[in-house]
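Understanding the architecture of this molecule
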Amino acid sequence: MASKYEEAIPMTSTAPQPHVVVMATDDNETTPGCCCCDDGCEEENEERGNWSCNFESILASISYGIGPGYLWMVPDRYFRQGGGTFVYVFIAMQIFIGFPMVYLEMALGQYTSQGPIRAWRGVPILQGVGIGMVVMTAILSIYYSGMMAQILYYLFYVTGDLDTATSCDNPWNTENCYTGACGEVVEYYGGVNEHKYNYTYTTCSGGASAAAEYLDRYVLQQTDGLGYIGAVRGDLAGCLFLASLLVAAALSCGIKSLGKVAYVTTILPLFLLFLLFIRAVTLPGAAEGIAYALTPAPVMDINFGSALISAIVHRLTLGFGGYTALASYNRFHNNVIRDAVVVVFVDMLVTLFCVLTMAGIFGYLAYISGVHVSETVTAGIGMFFVTMVTMFSQLPSGSSWASLFFLCLFLLAYGCQVTYLETVMTSLMDLMPRGLINKMPGRESGLLSKRTMLHGVMTVAVCFLFFLLGLPYVTQGGEHLSRLVSQYNIIIQPYMFVLLECVALTYLYSPTCRRCCPAIRRWMAELSHMLQHVCCFCCANVINWVAAVTWVSLIPLVILFYLLTGIGYWPSQISGPTWSVVLGHFILVASAGMVPLVTIVNIIIALVRGKPSEIVQPPADWGPYLNKHRRGAA
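Residues numbered from 1 in each chain as written. Predicted model: local features only at pLDDT ≥ 70, side-chain atom pairs only at ≥ 80, totals over all residues. Heavy atoms only, no water.

1. Concerning the overall build of the protein
Of regular secondary structure, the protein possesses 24 helices and 4 strands. In the protein, buried positions account for 61% of the 634 residues. The long-range share in the protein, meaning contacts at least 24 apart out of those at least 6 apart in sequence, stands at 84%. Of the roughly 23,300 Å² of accessible surface on the protein, 66% is carried by carbon and sulfur atoms. (Helix = DSSP H or I, 4+ residues; strand = E, 2+ residues; numbered from the N terminus. Buried < 20%, exposed > 50% of the residue type's maximum accessible area, 1.4 Å probe, protein only. Contact = heavy atoms within 4.5 Å. Areas by Shrake-Rupley, 256 points an atom, 1.4 Å probe, with all protein chains shown as cover.)

Right under this line is the structure:
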């Protein structure tokens, strides 16, 4: 007798049979309960492995979504885009765009127990979306390590010697150097992309602050442009190696070790951020800064809408495949709706904490400088190494607060980086032939399983490769290279992937039924089957269909609006030698170009085989990883 979930996809003898995976009944399968691990904490998928506890999955997803950009993005987004107006609209958009997309990416990974590349085999015509995500994330992971190296350098060398970093009596200082804060803000390099390395230096009468000169002339020894890359900075290279070593250690045992690291990269930085928040709001002038940040103001910038969409996509790291990779290790009947709600809710809380923390700091800088709060606002990653260093140098026990700040910053970046790399590793492991895995030494399952052993070996190899590829980013011209690569790597790709994710699963997913909207109905049936054991199935169904409305209409329209109005964000301001332009466009094509390339290849293969239906039909082996979870069984 067919269940209520199977009836969601009608079949007739005359219509082509849709792809229905068949499950074998498993009498040993227990009904999950409403606890942290809905299916219990035992290993369900012995071949791929599962999280030791579902709480680790949630922590890893939170850590992935919350990066250091929350601190440097705050001024550029909130203070310059209507203050409190941007804050309140941003929170609303988190609910109607952020949550549905986090849920979509998580649900796809949990349903298939596969990383982005294999998961997107379900829509062959757009399988390139998964490949493009992994390529984009791999490139991001390489230059992201350069930022981690700088943070480690400041954590080790600067926090204990703030006097040197904020003094004008050093050999590298110029005659225009000044100490302290000042009101005139000059942007060294601007833009909307949160991941790129843009600096905003605070100047007085054409000079540069001591902290800015310390960063530019001593730490980076920055060249004039991409025409001369210069030598590798030894101290930064050592920090880069340490960062790579820490990432390899975090992923040495796959998600088993990643789950334990997630406790450190999520709970500890949130605690440190809370301490920084308490200190910031108790500074003189903090009240004025907070009032300025939370007071709604008229929106004067025509790019308000585009800036809002950009903040949503990049702050939650949508379209990068990380949520799909992390959720692929969930147990099949895990309450993924609850996970997505928790991730987005914590994200909103952290957003408010960061707004208030940075508002208090800018209010304090305005207080000691005797200027308006708006004149002290700085943006970009340079804010960490210039504005914050200057502020800590003027606080009692400034070195201690600087240590806490840069430790928090590193842990936030570390949490993102391990997930970036795990997204790549999961995708690579999913592509490995089972015959090769079976030849590896180790057990069939568990911590010392063959898959885990191979994962560890490949992780070390990939981390070493990414370390070598990351060395150009710690050269004297490394900052210019970082700006170039980050601009071309994520200028349009995440938005394109978010749009195609919605289109693929709501319009193109196995459209063989004769009923209205067959693709979205089928995807809803898959979700209902996966969530049949949640505490409140009716509530889950309501949330599913509300999310479906956003997938079908709201999110595609919003992303299309961004793509049509955000043309001005194209990196036309980057100038350099011919090789840099070629490199930038190669990086763009390497990820975004995968979508049309794979589409064309799959169409040709389907036509050559004489089976054009394979263009839109999932392969016969696509679906839940374990047979006992496949629906439609007799």
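2. So, the layout of surface pockets
For the largest pocket, the calculated volume is near 310 Å³. As a volume, the second largest pocket reaches approximately 260 Å³. Lining the second largest pocket are 15 residues, and of these Val134, Val135, Ala138, Ile139 and Ile142 sit closest to its centre. Elements that contribute at least two residues to the lining of the second largest pocket include exactly helix H5 (128-158), helix H16 (398-431), helix H19 (478-489) and helix H23 (578-592). For the lining of the second largest pocket, the leading source of residues is H5, giving 6 residues. (1 Å grid on protein atoms, 1.4 Å probe; cavity = no way out; pocket = protein on both sides within 12 Å on 5 of 7 lines; lining within 4 Å. Points joined across faces, edges and corners; volume = space filled by probe spheres on them.)

3. A word on empty space enclosed by the protein
In the structure shown here, the tally under the stated rule is 11 cavities of 30 Å³ or more. Computed from the structure, the largest cavity encloses a volume of approximately 150 Å³. Lining the largest cavity are 17 residues, with Arg48, Cys253, Ile255, Arg451 and Thr452 sitting closest to its centre. The greatest single-element share of the lining of the largest cavity, amounting to 3 residues, is contributed by helix H18 (residues 450-470). Residues of the lining of the largest cavity, tallied by class, amount to 4 nonpolar, 6 polar and 7 charged. (Nonpolar A, V, L, I, M, F, W, Y, C, P; charged D, E, K, R; others polar.)

4. What about the packing of aromatic side chains?
Under the counting rule described, the total for this entry stands at 35 aromatic pairs. Judged by centre distance (4.0 Å) and plane angle (25°), the rings of Tyr495 and Tyr562 are stacked. Within this pair, whereas Tyr495 is found in helix H20 (residues 493-508), its partner Tyr562 is found in helix H22 (residues 537-565), the two being separated by 67 residues in sequence. Look at Tyr562 and you get buried, because its relative accessible area is 3%. For the ring pair Tyr509 and Trp622, a centre distance of 5.7 Å and an interplane angle of 65° mean the geometry is edge-to-face. With a gap of 113 residues between them, Tyr509 in the loop between H20 and helix H21 (518-530) and Trp622 in the segment after helix H24 (594-608) connect regions that are remote in the sequence. Overall, Tyr509 belongs to the buried group, its relative accessible area being 0%. Using a relative accessible area of 3% as the deciding quantity, one classes Trp622 as buried. (Phe/Tyr/Trp six-rings, centres within 6.5 Å; stacked < 30°, edge-to-face > 60°.)

5. Re the environment of Phe385
With respect to the helices and strands, the residue Phe385 is situated in helix H14 (residues 382-385). Contacts of Phe385, omitting those with residues within four sequence positions, involve Gln150, Ile151, Tyr154, Ala211, Leu215 and Phe406.

6. Here we look at the environment of Leu251
Along the polypeptide, Leu251 turns up in the loop between helix H8 (234-250) and helix H9 (255-281). A residue is classified by how much of its surface remains accessible, and Leu251, at 0% relative accessible area, is buried. Apart from the residues lying within four places of it in its own chain, the contact partners of Leu251 are Ser257, Leu258, Val418, Leu421, Glu422, His455 and Thr459.

7. Some points on the packing of H5 against H23
Two elements in contact, H5 and H23, have axes separated by 7 Å at closest approach and are oriented at 140°. Looking at the two axes, H5 sits oblique to H23. Mapping the contact onto sequence places Gly132, Val135, Met136 and Ile139 in H5 and Ile587, Ala590 and Ser591 in H23. Among the residues making up the contact of H5 with H23, the classes are represented as 5 nonpolar, 2 polar and no charged. (Axes fitted to C-alpha atoms, helices over the stretch in contact; angles between N-to-C directions. Parallel < 35°, antiparallel > 145°, perpendicular 65-115°, else oblique.)

8. With respect to unusual backbone geometry
You will see that Thr317, though not glycine, has its phi angle at about 55°, which is positive. Looking at the secondary structure, you find Thr317 in the loop between helix H11 (304-315) and helix H12 (322-327). Exposure remark for Thr317: the relative accessible area of 3% places this residue in the buried category. Despite not being glycine, Ser397 shows a phi value in the positive range, around 55°.

9. Some remarks on a nonpolar patch on the surface
Taken together, Phe55, Tyr263, Val264, Ile267, Leu268, Phe271 and Leu407 make up a surface patch of nonpolar side chains, about 560 Å² in accessible area. No other element matches the 5 residues that H9 contributes to the nonpolar patch. As for its position among the elements, Val264 is in helix H9. (Patch = residues over 30% accessible without salt bridge, like charges linked within 9 Å, V, L, I, M, F, W, Y side chains within 5 Å. Salt bridge = Lys/Arg side-chain N within 4 Å of Asp/Glu carboxyl O.)

10. Examining the pattern of salt bridges
One pass over the structure, following the stated rule, counts 8 salt bridges. Via salt bridges that share partners, Arg48, Asp430 and Arg451 belong to a single interconnected network.

11. Things to note about H16
The terminal C-alpha atoms of H16, which comprises 34 residues, lie 50 Å apart, in line with the 50 Å expected from a rise of 1.5 Å per residue. Taking burial as the measure, the 34 residues of H16 include 27 buried ones, the bulk of the element. (Expected span 1.5 Å × (residues − 1).)

12. Structural notes on the side chain of Ser63
Along the chain, Ser63 falls in helix H1 (residues 54-65). Leave out the neighbours within four places in its chain, and Ser63 touches Thr265, Thr266, Gly415 and Cys416.

13. Considerations on the state of the cysteines
By the definition in use, this model includes 1 disulfide. A disulfide bridge connects Cys168 with Cys177, and the sulfur atoms are separated by 2.0 Å. Because the sign of the S-S torsion sets the handedness, a value of about -75° for the bond joining Cys168 and Cys177 places this disulfide among the left-handed ones. Of the residues examined, Cys168 reaches a relative accessible area of 22% and is grouped as partly exposed. (Disulfide = S-S within 2.5 Å.)

14. Details of the confidence of the model for the protein
Parts of the prediction with low pLDDT should not have their coordinates interpreted in detail. Looking at the protein as a whole, the pLDDT averages 83, with 83% of positions reaching at least 70. A low-confidence stretch, residues 1-35 (pLDDT under 50), is modelled with 72 contacts involving residues beyond four sequence positions or located in other chains. Note that pLDDT drops below 50 for residues 183-205; the model gives that stretch 99 contacts with residues more than four away or on any other chain. (pLDDT = per-residue confidence, 0-100.)

15. Regarding the nonpolar core
Of all hydrophobic cores here, the largest spans 183 residues; its most connected members are Tyr103, Tyr154, Trp523 and Trp551. Non-local contacts of Tyr103, meaning those with residues more than four positions away in its chain, are made with Val336, Ile337, Ala340, Leu527, Leu531, Asn544, Ala547 and Trp551. Within the second largest apolar cluster, 5 residues are counted, among which are Val87, Ile290, Ala293 and Ala359. (Core = buried A, V, L, I, M, F, W, Y, C linked by side-chain atoms within 4.5 Å.)

16. Quick word on the side chain of Gln222
Position of Gln222 relative to the elements: it lies in the loop between helix H7 (210-219) and H8. A residue is classified by how much of its surface remains accessible, and Gln222, at 14% relative accessible area, is buried. Separated by 2.7 Å, the side chains of Gln222 and Asp216 make a polar contact. (Polar contact = N/O pair within 3.5 Å; in protein donor to acceptor, adjacent residues only side chain to side chain.)

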